[in-house]
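Okay, here's what each chain looks like letter by letter:
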Amino acid sequence: DMDGLLLDTERLCLEAFVATRSAFGLSPSRETFLKVVGRRGEQASQIIRDSLDGTVSFETFDRGWDRRIDDLMANGASLKPGVLELLEALKAQATPMAVATSTGSKLAKQNLKNAGIFEYFQTIVGGDDVEKHKPDPEPYLTAARALGVDPSQCAAFEDSDPGTRAAVAAGMTTVQVPDLLEPSSEVAKLGHVIAADILAGAKRIGLI
């Protein structure tokens, strides 16, 4: 994953979401934002649309939200703890790496470049590169196929519940590093590793 796992972007997106709602005279509704973390497409759009109560169209709201996100991320998002250390360790081991994100591929690549870690990855699978989105396993299966690696031989790192479900369904050894939300009781029962940071998770599964 990328947002909330490699890059500390979820907090910026939440800040922009609350500011956009305020601009249209709406309550902060942080719970609405948290419902769409890790999701993409019409499902996420409908959750937001329902929260607008007809005050503003989804399209207008989304444009305003995107502008605020762009402003906040103009200087690049900071890396989450342990990310650079893990990437360096995996690079030294010649371990192939991919990103499977709900963010569109063009924006994902730009954000990774701005953060200085784009070159670590052999492939980027964006939300616009697949037909089905997390929690469906297609993004992770697509990434594994692009790397030429069997999914059962892959380790996947996620922060959100939908992404974790996708990785587990893909048959990958999965590590969840919670960001804005702790795992739900249902997801916590999936049998994957839950870690405080990405480096600790990698050590727990013997990746490094």
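What you see as residue numbers is a count from 1 along each chain, following the sequence as written. Confidence filtering applies because this is a predicted model: local features only for residues at pLDDT of at least 70, side-chain atom pairs given and counted only at 80 or more, and all residues used for totals across whole chains, interfaces and linings. Hydrogen atoms and water are omitted, and side-chain values are computed over all heavy atoms in the structure.

A. Structural view of the environment of Ala155. Helical segments are the DSSP runs of H or I of at least four residues, strand segments are the runs of E of at least two, and each set is numbered from the N terminus. Within the secondary structure, Ala155 sits in strand β3 (residues 155-158). Pairs of residues are marked as contacts when any of their non-hydrogen atoms sit within 4.5 Å. Excluding its chain neighbours within four sequence positions, the residues that come into contact with Ala155 are Thr173, Ile205 and Leu207.

B. Region of the structure containing the sheet that holds β3. When DSSP finds two or more bridges between two strands, those strands count as paired. Pairing is parallel in the open sheet, where three strands are placed in the order β3-β4-β5. What marks the edges here is a single partner per strand, and that holds for β3 and β5 (193-194). Note that β3 and strand β4 (residues 173-176) share four bridges and pair parallel. Within the sheet, the bridge partner assigned to Glu158 lies in β4 and is Gln176. For every element, the axis is a line fit to its C-alpha atoms; helices are fit only across the contacting stretch, and the angle between N-to-C directions ranges from 0 to 180 degrees. The strands touched by helix α8 (residues 161-169) are β3 and β4; relative to β4, the strand with the most contacts, the crossing angle is about 170 degrees.

C. Region of interest: the nonpolar core. Here the nonpolar core consists of buried residues drawn from Ala, Val, Leu, Ile, Met, Phe, Trp, Tyr and Cys, with membership extended through side-chain atoms lying within 4.5 Å. Relative accessibility decides the category of a residue: with a 1.4 Å probe and only protein chains considered, values under 20% of the type maximum give buried, values over 50% give exposed, and everything between is partly exposed. Membership of the largest hydrophobic core comes to 45 residues, with the highest contact counts inside it found for Leu6, Leu7, Trp65, Leu112, Ile117, Phe121 and Ile198. Where this core is concerned, the elements lending two or more residues are α1 (10-23), α2 (30-36), α3 (42-51), α4 (58-72), α5 (83-92), α6 (105-114) and α10 (198-204). Ranked by residue count, the leading element in this core is α1, at six residues. Not counting residues up to four positions away in its chain, the partners in contact with Leu6 are Asp1, Ser78, Leu79, Lys80, Val83, Val99, Leu112, Ile117, Phe121 and Ile198. Grouped together as the second largest cluster of nonpolar side chains are 12 residues, Val125, Ala144, Cys154 and Met172 included.

D. Quick peek at the side chain of Asp159. In this structure, Asp159 sits in the loop between β3 and α8. When charges are tallied, Lys and Arg are placed among the positive residues and Asp and Glu among the negative ones, while His and the ends of the chain are skipped. A carboxyl oxygen of Asp or Glu within 4 Å of a side-chain nitrogen of Lys or Arg is what we treat as a salt bridge. For the buried Asp159, no salt bridge is present, and the opposite-charge side chain at shortest range is Lys134, 6.8 Å distant. Leaving out residues up to four positions away in the same chain, Asp159 has contacts with Asp1, Asp3, Gly4, Leu5, Glu10, Val37, Gln176, Val177, Pro178 and Asp179.

E. Representation of the pattern of salt bridges within the structure. Scanning the model with the defined rule gives seven salt bridges in all. We note a salt bridge from Asp1 to Lys134, for which the minimum N-O separation is 3.0 Å. With Asp1 in the segment before α1 and Lys134 in the loop between β2 (123-125) and α7 (138-147), this residue pair connects regions lying 133 residues apart in the sequence. Among the residues examined, Asp1 registers a relative accessible area of 12% and is labelled buried. The class of Lys134 is buried, set by a relative accessible area of 3%. Taking the shortest distance from any N to any O, the salt bridge between Asp8 and Lys80 comes out at 3.8 Å. Of this pair, Asp8 sits in the segment before α1 while Lys80 is found in the loop between α4 and α5, placing the two residues 72 residues apart along the sequence. Since its relative accessible area comes to 15%, Lys80 is described here as buried. Shared partners join several salt bridges into a network, and the residues in it are Asp8, Arg11, Lys80 and Asp179.

F. Spotlight on the packing of aromatic side chains. Between rings of Phe, Tyr and Trp, where Trp is taken as its six-membered ring, a pair exists when centres lie within 6.5 Å; planes separated by under 30 degrees are stacked, by over 60 edge-to-face, and by other angles tilted. In total, this model carries six aromatic pairs according to the counting rule given. Taking the centre distance of 5.8 Å and the plane angle of 50 degrees together, the rings of Phe17 and Phe33 count as tilted. On the criterion of sequence distance, the pair formed by Phe17 in helix α1 and Phe33 in helix α2 is long-range, its members being 16 residues apart. Considered together, Phe17 and Phe33 belong to a single accessibility category, that of buried residues.

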